[in-house]
Number of protein chains: 2
Amino acid sequence: MNNRHILALSGGVGGAKLADGLLHALDDAHLTIVVNTGDDFTHLGLHISPDVDTALYTLAGLANPETGWGRRDETWTFMDALARLGGETWFRLGDGDLATHVERTRRLAAGDPLSAITADLARRLGIRADIVPMSDQALRTRVHTDEGVFDFQDYFVRHQCRPVTRSIEFSLAPDTAPAPAVLTALADEALDAIVICPSNPYLSIAPLLAVPGLRARLRAARVPIVAVSPLVGGAAVKGPTAKIMAELGVPVCADEIVRYYGDLLDGFVLDVRDAHLRERIALPVHVTDTLMRTPQDRVRVARETLAFAARLTPRR
Amino acid sequence: MNNRHILALSGGVGGAKLADGLLHALDDAHLTIVVNTGDDFTHLGLHISPDVDTALYTLAGLANPETGWGRRDETWTFMDALARLGGETWFRLGDGDLATHVERTRRLAAGDPLSAITADLARRLGIRADIVPMSDQALRTRVHTDEGVFDFQDYFVRHQCRPVTRSIEFSLAPDTAPAPAVLTALADEALDAIVICPSNPYLSIAPLLAVPGLRARLRAARVPIVAVSPLVGGAAVKGPTAKIMAELGVPVCADEIVRYYGDLLDGFVLDVRDAHLRERIALPVHVTDTLMRTPQDRVRVARETLAFAARLTPRR
């Protein structure tokens, strides 16, 4: 296969792992990763973009393999000192991680768009892919639960996903639009495929699709769109996907995710442990082991996904 | 002597050392340290109060004895990560130090006055003295030099005091006033003395005296005011005091500092190496070794200064 430009949609850890695999599988081809910013929030006066940072650190080889968030070789002097000063410590910010937030916040305050700042950070970290926040405007994911309405990080980190989800809301400004680089990538004649990474569809990919115009632009690109299942054997590899599906009254099955994405998809990569669900999916399906434990796993899943997409014809 | 309440005016390192000595010399008495904020600046989007921090860290026993600024047991992961991201690194911010700046900036943005924030930080750090920024409004020291006009930290840190000083300007907002706690302390019936610490008179104490109303309030307190000489043998212990005096065309002599403070002083603590200047000073003088190399030195200079002040009658 001779891919020229691949666009990936990604949330946090699982998505970043496949994006990393894509980067290594693609050799000279161009990779654009559009990242969820619905989880962004202001904490301690700093603008934090958790999924963008996970993408930056993962693709720069700086990610912390133990935690699944933050940087490796991290120190925690700031957090210890902040605790002594009575500051908020429920959201753990490592000393090196902090540099990203401080620099981003400084530049946002100076009027630079999030996408331009992210592009510069990626360049400084030597990342060969384009990492693009889905929008330069704020679209915030809010989780309605039996214990109240929470901003995403409040739900995810402070309350550790414990409250029962009733519904998910995307709160956005009237001028919210896809970041310019998203539109440029989607208009690229060399674009060969769109890959929806194995991130939480409801919490991480849904905000992307809620950016006005973005879903329609994906379909209008007229290239195959494939999603890689975030479920493995009917369970989420990490995070609350399965818990949220259950709480929303949806069967915790990979075919339900295909149904959720609806007419967006041209093909679906199903985990081998869920192969029995194949006949329930009315789309081309590729079955493989989607679990990415090692860097080699990432590249293998990426290669198979790209080869699968290359065999597909977009429905539109 | 039975001191009940002492008020000290302080700039950075030298001032903080004497303040620390005063705290340990005073036992149960009350100590209020009014600190210069003319050096405050916004850096990386963070509000930094260098002299307030030096006071906080010194009195909390957290100061870095090697550098004279910042905290001991510090790590530098933030700075290294920021350098990699292309951020500004001329002002070194340690990981633990950063907690102070982030927490202060967050609270200022929330509308809390600098003096209330400082009081809380001091309390959290277990400091028994009141550390009060001279004003809750911005009064900024600007150094006019042969190479242009610089904000203080720009001159002091980035340009390492190299440019030749022509004059010093204090830029202030029309509503600039002493912080409320300064006025409360000066109105305290129990106030026994005011000590001007051995800080740079032109750069560190002058901004304090430039806060509208503050100099008059000091005189109106009707307690002895004594200054401890920042010069030792005609040279500054640390910092650019002697260099600036020379550049401003002023003889680099302790008696010149007495002249500079003018009718504010009731007495002067002169270093033993400058004892020959005694007859040039038309005020009560106490001669001692003012060099504070050890914690014991700090307490000894503090005790001698307090005993000296106790013998004085305010001129007003």
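Predicted model, so just to flag it, every value in this text is computed and none were measured.

Sorry, what's going on with the overall build of chain A here?
A tally of regular secondary structure across chain A gives twelve helices and 14 strands. In terms of overall dimensions, chain A has a C-alpha envelope of 60 × 45 × 40 Å along the principal axes. Residues counted as buried form 58% of the 316 residues belonging to chain A. Within chain A, counting contacts between residues at least 6 apart in sequence, those at least 24 apart form 70% of the total. If you sum the accessible surface of chain A, you get close to 12200 Å²; carbon and sulfur atoms cover 49% of it. Charge-centre separation for chain A: the mean point of 34 positive side chains lies 2 Å from the mean point of 39 negative side chains.

So what exactly am I meant to see when it comes to the side chain of A:Ser10 here?
Residues and elements named next belong to chain A. Counting through the fold element by element, Ser10 comes out in strand β1 (residues 5-10). Overall, Ser10 belongs to the buried group, its relative accessible area being 1%. A distance of 3.4 Å separates a polar side-chain atom of Ser10 from the backbone nitrogen of Ala16. Once residues lying within four places of it in the same chain are set aside, the contact partners of Ser10 are Gly15, Ala16, Ile33, Val34, Val35, Asn36, Cys197, Ser199, Ile205 and Leu208.

Please clarify how the relation of the copies chain B and chain A should be interpreted in this entry.
Copy one and copy two of the chain differ by a rotation about a common axis and a shift along it. Rotating chain B by 180° and translating it 0.0 Å along the rotation axis places it on chain A, where the RMSD comes to 0.0 Å. The transformation just described matches what one would write down for a two-fold rotation axis. In terms of proximity to the rotation axis, the leading residue of chain B is B:Asp95, whose C-alpha is 3.0 Å off the axis. Counting the interface residues of chain B, we find that 100% of their copies in chain A are interface residues as well, pointing to one common contact surface.

For this particular structure, what's the right way to read the packing of aromatic side chains?
The description of an aromatic ring pair uses the distance of the two centres, along with the angle that the planes make with each other. For the structure on display, the rule yields 16 aromatic pairs over all chains. A ring pair is formed by A:Tyr202 and A:Tyr260, whose centres lie 4.5 Å apart and whose planes are at 45°; its orientation type is tilted. One end of the pair, A:Tyr202, is in helix α8 (residues 201-210); the other, A:Tyr260, is in helix α11 (residues 254-261), and 58 residues separate them in sequence. What makes A:Tyr202 buried here is its relative accessible area of 6%. According to the relative accessible area criterion, A:Tyr260 is partly exposed, its value standing at 34%. Ring plane angle 80° and centroid distance 5.9 Å describe the contact between B:Trp90 and B:Phe91, whose orientation is recorded as edge-to-face. Overall, the relative accessible area of 11% leaves B:Phe91 in the buried class. What links up through ring pairs into an aromatic cluster is the set A:Phe41, A:Trp90 and A:Phe91.

Before we go on, may I ask you to explain the sheet that holds strand β7 (residues 148-151) of chain B in this structure?
Where strands meet in a sheet, backbone hydrogen bonds hold them as pairs that are either parallel or antiparallel. Residues and elements named next belong to chain B. Ordered in space as β7-β6-β8, the three strands form an open sheet in which the pairing is antiparallel. With one partner strand each, in any of the chains shown, β7 and β8 (165-172) form the two edges of the open sheet. Mean inter-strand twist for the sheet, computed between neighbouring axes without regard to direction, equals 25°. Relative to β8, strand β6 (residues 139-145) is paired through seven bridges, and the arrangement is antiparallel.

Explanation requested: the sheet that holds strand β2 (residues 30-35) of chain B in the structure shown.
Residues and elements named next belong to chain B. The seven strands lie next to each other as β5-β2-β1-β9-β10-β13-β14, forming an open sheet whose pairing is parallel. If you trace the sheet from one side to the other, it starts and ends with β5 (130-133) and β14 (285-288), each paired once. Between one strand axis and the next, the sheet turns through 20° on average, direction left out of account. Of the pairings in the sheet, the one linking strand β13 (residues 267-271) to β14 comprises four bridges and is parallel in character. Opposite Val269, over in β14, you have His286 as the bridge partner.

I'm lost on the pattern of salt bridges in this one. Help?
Pairing between side chains of opposite charge can happen when the charged atoms of each approach one another. Residues and elements named next belong to chain A. Inspection of every chain in the model, using the stated rule, returns 42 salt bridges over all chains. Asp154 is the partner of Arg158 in a salt bridge, and the nearest nitrogen-oxygen pair spans 2.8 Å. Of this pair, Arg158 and Asp154 are both found in helix α6 (residues 152-158), four residues apart, which corresponds to roughly one turn of the helix. When its relative accessible area of 39% is taken as the criterion, Arg158 is described as partly exposed.

I'm lost on the interface of chain B and chain A in this one. Help?
One frequently used descriptor of interface size is the decrease in accessible area upon assembly of the parts. Counting from both sides, the interface comprises 25 residues of chain B and, opposite them, 25 residues of chain A. Buried area between chain B and chain A, summed over both chains or domains, comes out near 2400 Å², and the portion from carbon and sulfur atoms is 68%. Looking only at chain B, the three residues that lose the most surface to chain A are B:Arg84, B:Leu85 and B:Arg124, adding up to 27% of its buried area. Between chain B and chain A we count zero salt bridges in total. At the boundary of chain B and chain A, one finds four residue pairs in polar contact (both at pLDDT 80 or more).

Even after reading the chapter, I still don't get the side chain of A:His5, so can you show me in this structure?
Residues and elements named next belong to chain A. Mapped onto the elements of the fold, His5 is located in strand β1. Among the residues examined, His5 registers a relative accessible area of 3% and is labelled buried. Polar side-chain contacts of His5 include one of 2.6 Å to the side chain of Asp188. Apart from residues lying up to four places away in sequence, His5 is in contact with Ala29, His30, Leu31, Thr32, Ala185, Asp188, Ala190, Leu191, Asp192 and Ala193.

Explain the packing of helix α4 (residues 95-109) of chain B against helix α5 (residues 114-124) of chain B here, please?
In helix packing, the relevant descriptors are the interaxial angle and the interaxial distance, both defined with respect to the helix axes. Residues and elements named next belong to chain B. Two numbers describe how α4 lies on α5: the axes approach to 10 Å, and their chain directions differ by 140°. Between α4 and α5, the angle is such that the two are oblique. Taken as a pair, α4 and α5 cross one another with a handedness that is right-handed. On the side of α4, the interface is formed by Thr100, Glu103, Arg104, Arg107 and Leu108, while α5 contributes Leu114, Ala116, Ile117, Asp120 and Leu121. Across the contact of α4 with α5, the residue classes tally to five nonpolar, one polar and four charged.

Before we go on, may I ask you to explain helix α2 (residues 50-59) of chain B in this structure?
Three- or four-residue spacings in an α-helix give side chains the same orientation, since the helix completes a turn every 3.6 residues. All names here are of chain B. Of all the ten residues making up α2, ten are buried; the element is thus mostly covered by neighbouring parts of the structure. Of the positions making up α2, those classed as buried are Pro50, Asp51, Val52, Asp53, Thr54, Ala55, Leu56, Tyr57, Thr58 and Leu59. Positioned one or two residues after α2, Gly61 has a phi angle of 75°, which is positive.

Sorry if this is basic, but what is going on with helix α4 (residues 95-109) of chain A here?
Taking 1.5 Å per residue as the helical rise, α4(A) with its 15 residues ought to reach 21 Å, and the 21 Å between its terminal C-alpha atoms agrees with that figure. Of all 15 residues in α4(A), twelve are buried, a share of seventy percent or more. Every buried residue of α4(A) is listed here: A:Asp95, A:Gly96, A:Asp97, A:Leu98, A:Ala99, A:Thr100, A:His101, A:Val102, A:Glu103, A:Arg104, A:Thr105 and A:Arg107. The secondary structure elements touched by the buried residues of α4(A) are β4 (46-48), α2 (50-59), α3 (77-84) and α5 (114-124) of chain A together with α3 (77-84) and α4 of chain B. Just past α4(A), the residue A:Gly111 takes up positive phi, approximately 100°.

Which parts of the structure should I look at to understand the pairing of strand β7 (residues 148-151) of chain A?
For a regular strand, side-chain orientation follows a simple rule: the groups alternate between the two sheet faces. Residues and elements named next belong to chain A. Summarising the sheet, strand β6 (residues 139-145) and β7 pair through four bridges and their orientation is antiparallel. Within the sheet, the bridge partner assigned to His144 lies in β7 and is Val149. Between β6 and β7, which follow one another and run antiparallel, lie two residues.

Rules used throughout
Residues numbered from 1 in each chain as written. Chains lettered and ligands numbered in written order. Predicted model: local features only at pLDDT ≥ 70, side-chain atom pairs only at ≥ 80, totals over all residues. Heavy atoms only, no water. Helix = DSSP H or I, 4+ residues; strand = E, 2+ residues; numbered from the N terminus. Buried < 20%, exposed > 50% of the residue type's maximum accessible area, 1.4 Å probe, protein only. Contact = heavy atoms within 4.5 Å. Areas by Shrake-Rupley, 256 points an atom, 1.4 Å probe, with all protein chains shown as cover. Lys, Arg positive; Asp, Glu negative; His and termini not counted. Charge placed at Lys NZ, Arg CZ, Asp CG, Glu CD. Polar contact = N/O pair within 3.5 Å; in protein donor to acceptor, adjacent residues only side chain to side chain. Least-squares fit on C-alpha atoms with pLDDT ≥ 70 in both. Phe/Tyr/Trp six-rings, centres within 6.5 Å; stacked < 30°, edge-to-face > 60°. Pairing = 2+ DSSP bridges. Axes fitted to C-alpha atoms, helices over the stretch in contact; angles between N-to-C directions. Salt bridge = Lys/Arg side-chain N within 4 Å of Asp/Glu carboxyl O. Buried area = accessible area lost by both parts, 1.4 Å probe. Parallel < 35°, antiparallel > 145°, perpendicular 65-115°, else oblique. Left-handed = near helix turned anticlockwise from the far one by under 90°. Nonpolar A, V, L, I, M, F, W, Y, C, P; charged D, E, K, R; others polar. Expected span 1.5 Å × (residues − 1).

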